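This is what each chain is made of:
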Amino acid sequence: MTTAEHVGDPASGHQLKRVLLKLSGEVFGGGSIGIDPDVVNGIAKQIAEAVAEGVEVAIVVGGGNFFRGAELSQRGMERSRADYIGMLGTVMNSLALQDFIEKQGVETRVQSAITMGQVAEPYIPRRAMRHLEKGRVVIFGAGAGMPYFSTDTVSAQRALEIKADAVLMSKSGVDGVYSADPRTDPDAIKYDELTFEDALRLGLKVVDAAAFALCMENKLPMIVFGMEGEGNVARVLRGEKIGTLVHAV
């Protein structure tokens, strides 16, 4: 299957119509705990640029700048409770991002998988799709609303439910899929393109195996790219060729 059959040939610069963008929570904190307003504002500007060009953008935000459930559980906290704390962190990031995107003049809705009616709509896929059709950005908070699910996996699931053309996975500290962790292995090789089957067979861990498997089974293309770099979010939303394209056979 060619790249063109997956995502309208991002290599040629053809724009994607509807995408699910996964944003790394660590980036929101600028390398520390909490939210760095300058960083979030910069991301919001890039998203607004893409929306102005006609891209329908839905977003899943991680919560690593506040809490990571898996790490809290390793320190002795009960896993499901730790995961719920992590989900609340993603809602805080979602609300911050909503504020900065709306300051760019783009209507935005937050939908939460955990009911919190005063700050967010409940997660309803068809309502989310309607918002996207109207040019609004939709941010999905609180993960899957259930413990033991990573935001990578939730991103793939949400992308499938809203019928996105591709899921765009941003990563902090790495600019695509490598044969090993380039931060610890100087011989790691970057892939420009590979199949989900190869990613799973090689045990590549830049994205959760469950997310790879969901996309593989449903033939949903994924682009893994680095958040670092001038304008990378806007570039990937426009369909420019950056990062690594992962696709079905």
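Residues numbered from 1 in each chain as written. Predicted model: local features only at pLDDT ≥ 70, side-chain atom pairs only at ≥ 80, totals over all residues. Heavy atoms only, no water.

The subject of this paragraph is the pairing of strand 6 (residues 166–171). Burial within strand 6 is extensive, with 6 of its 6 residues counted as buried. Neither face of strand 6 is exposed, since A166, L168 and S170 on one face and V167, M169 and K171 on the opposite face are all buried. Bridge count for strand 1 (residues 18–23) against strand 6 is 4 bridges, and the pairing is parallel. Among the inter-strand pairings, K22 is bridged to a residue of strand 6, identified as M169. By the bridge criterion, 5 bridges tie strand 6 to strand 10 (residues 222–226) in an arrangement that is parallel. Its bridge partner lying in strand 10, L168 is registered against I223. (Buried < 20%, exposed > 50% of the residue type's maximum accessible area, 1.4 Å probe, protein only. Helix = DSSP H or I, 4+ residues; strand = E, 2+ residues; numbered from the N terminus. Pairing = 2+ DSSP bridges.)

L23, I47, I59, L97, L168 and L237 are the most contacted members of the largest nonpolar core, which has 35 residues in total. Here the element with the most residues in this core is helix 3 (residues 37–52); it accounts for 7 residues. With residues up to four places along the chain from it excluded, the contact list for L23 reads F28, I43, I47, I59, V60, V61, G62, L97, S170, M227 and V233. By size, the runner-up hydrophobic cluster in this structure holds 29 residues, among which are V60, M129, A164 and M169. (Core = buried A, V, L, I, M, F, W, Y, C linked by side-chain atoms within 4.5 Å. Contact = heavy atoms within 4.5 Å.)

Okay, helix 9 (residues 209–218) next. Among the residues of helix 9, those classed as buried are A211, F212, A213 and C215. K219 sits one or two positions beyond helix 9 and adopts a positive phi of about 55°.

Here the focus is the pattern of salt bridges. Counted under the stated rule, the structure contains 17 salt bridges. Of the charged contacts, one joins R235 and E240 as a salt bridge, the two residues approaching to 3.0 Å between their closest N and O atoms. Since its relative accessible area comes to 29%, R235 is described here as partly exposed. On the accessibility criterion, E240 (30% relative accessible area) is partly exposed. (Salt bridge = Lys/Arg side-chain N within 4 Å of Asp/Glu carboxyl O.)

What follows deals with the UniProt feature "binding site: ATP" (unreviewed entry) in the protein. Mapped onto this numbering, the UniProt entry annotates "binding site: ATP" (unreviewed entry) at K22, L23, S24, G25, G64, R68, Y178 and D181. The annotated residues occupy 160 residues of the chain and do not converge on a single region, their most distant C-alpha atoms lying 23.6 Å apart. Positionally, L23 belongs in strand 1. Since its relative accessible area comes to 0%, L23 is described here as buried. If you trace the backbone, S24 turns up in the loop between strand 1 and helix 2 (25–28). (UniProt positions renumbered as here; feature names shortened; annotations may be inferred.)

Attention now goes to the confidence of the model for the protein. For the protein, per-residue confidence averages 91 on the pLDDT scale, and 94% of positions sit at 70 or higher. Between residues 1–7, whose pLDDT stays under 50, and residues either more than four places distant or in other chains, the model counts 18 contacts. (pLDDT = per-residue confidence, 0-100.)

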